[in-house]
Amino acid sequence: MKTINLTDEQFEQVQDSVQSNDNPASKEHVGFVIYDKLGHVLFESTKETVKEAVEEAVEQEVSLKSANLRFANLKSANLDSANLKSANLESANLKSADLESANLESANLKSADLESADLESANLKSADLESADLRFANLKSANLRFANLKSANLKSANLRSANLESANLRFAKTAYAKVDFSPAEKEQAKQWAEGLDR
C-alpha cells in the first residue's frame, strides 16, 4: 500500500471536496429530462413537469428538434417560436397552447389536441396532423404545404392566408372554418367542400 503525505491545507481541500460531492444540496436537482426520438438528452430541467421543462427550454432558445413528447400534457403552454421540427407530439395535449411562429415541420401531431391553439405563422410543412383536433385553432398564415390533415377536425378554425398547397384534407371536418384558397389549391378546395357536412 502506497502512503501519500498531505499538508494540512491539502487535506482540508480534499475533505471539503468530498463533503461537497456527498451533499445533495450542493448538486443541481434535475426534475425532468427531454429526450429526442433516439434517446439522446436534449435538455435537463429542474422543473417537475414536462410542460414547465419544455417552456423553460423554449425560453432559453434550446432546439427541441426531434424531441419525443408523445402524450405530453402541454395544455396552455407558451411555445412561441419553438423549434419542434420533426418532434413526436402524437396524442399530445396542446389545447390553447401558444405555438405562434413555431417550427413544426415534419412533426408528428397525429391525434394531438390542438383545440383553440394559436398556430399563426407556424411552419407545419409536411407535418402529420391526421385525426388531430384543431377546432377553433388559429392557423392564420400557417405553412401547411404537404401537411397530412386527413380526418382532422378543423371546425371553426381560422386558416386565412394559410398555405394548403398539396395538403391532404380528405375526410377532414371543415364546417364554419375560414379559409382562402389559391388557384394552385383546387384539390384542397374540393376536399374542404366535402368536409363541410361532416
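Residue positions are counted from 1 within each chain, in the order its sequence is given. Predicted model: local features are reported for residues with pLDDT of at least 70 only, side-chain atom pairs are reported and counted for 80 or more only, and whole-chain, interface and lining totals are derived from all residues. Excluded from the side-chain calculation are hydrogens and water; included are all heavy atoms of the structure.

Asker: Where do I start with the overall build of the protein in this structure?
Answerer: Counting its secondary structure elements, the protein contains three helices and four strands. In this text, helices come from DSSP runs of H or I with a minimum length of four residues, and strands from runs of E with a minimum of two, each type numbered from the N-terminal end. The secondary structure elements of the protein, listed N-terminal to C-terminal, are α-β-β-α-β-β-α. Accessible area is worked out with a 1.4 Å probe on protein chains only. A residue is then buried under 20% of its type maximum, exposed over 50%, and partly exposed in between. Counting across all 198 residues of the protein, residues that qualify as buried make up 37%. Whether two residues touch is decided by their heavy atoms; if any such pair falls within 4.5 Å, the residues are in contact. Put simply, of all contacts in the protein between residues at least 6 apart along the chain, 8% involve residues at least 24 apart.

Asker: Is there a simple way to explain the side chain of Gln-188 in this structure?
Answerer: Within the secondary structure, Gln-188 is located in helix α3 (residues 186-194). Non-local contacts of Gln-188, meaning those with residues more than four positions away in its chain, are made with Leu-164, Ser-166, Ala-167, Leu-169 and Phe-181.

Asker: Help me understand the environment of Ser-66 in this model?
Answerer: Along the chain, the position of Ser-66 falls in the loop between α2 (50-59) and β3 (158-159). Put simply, Ser-66 and Ala-107 are 41 residues apart on the chain and 7.9 Å apart in space, counted from C-alpha to C-alpha. For Ser-66, the residues in contact, after removing those within four places along its chain, are Asp-36, Lys-37, Lys-85, Ser-86 and Ala-87.

Asker: For this particular structure, what's the right way to read α3?
Answerer: For α3, every residue scored as buried is listed here: Gln-188, Gln-191 and Trp-192. Angular distribution of buried residues about the axis of α3 spans 105°; they occupy a single face of the element. Exposed and facing more than 90 degrees away from the buried side of α3 are Lys-186 and Lys-190. Against the buried residues of α3 lie β3 and β4 (178-179). Think of the arc as the fan of directions from the helix axis to the C-beta atoms.

Asker: Quick question: what am I supposed to make of α2 here?
Answerer: Because each turn of an α-helix spans 3.6 residues, side chains separated by three or four positions in sequence point in the same direction. For α2, the complete set of buried residues consists of Val-50, Ala-53, Val-54, Glu-56, Ala-57 and Val-58. On its buried face, α2 sits against β1 (32-35) and β2 (41-45). In the stretch just after α2, Glu-61 is the one whose phi turns positive, near 60°.

Asker: Can you help me understand the environment of Glu-120 in this one?
Answerer: Looking at the element boundaries, Glu-120 is found in the loop between α2 and β3. With residues near it in sequence (within four places) discarded, Glu-120 still touches Glu-100, Ser-101, Asn-138 and Lys-140.

Asker: Is there a simple way to explain the confidence of the model for the protein in this structure?
Answerer: Low-confidence regions, as indicated by low pLDDT, have predicted coordinates that should not be scrutinised in detail. Scored between 0 and 100, pLDDT is the confidence that the predictor attaches to each residue. Overall, the predicted model of the protein reaches an average pLDDT of 90, with 85% of residues at or above 70. Within the model, pLDDT remains below 50 along residues 17-27, and this stretch shows two contacts once partners closer than five positions in the same chain are excluded.

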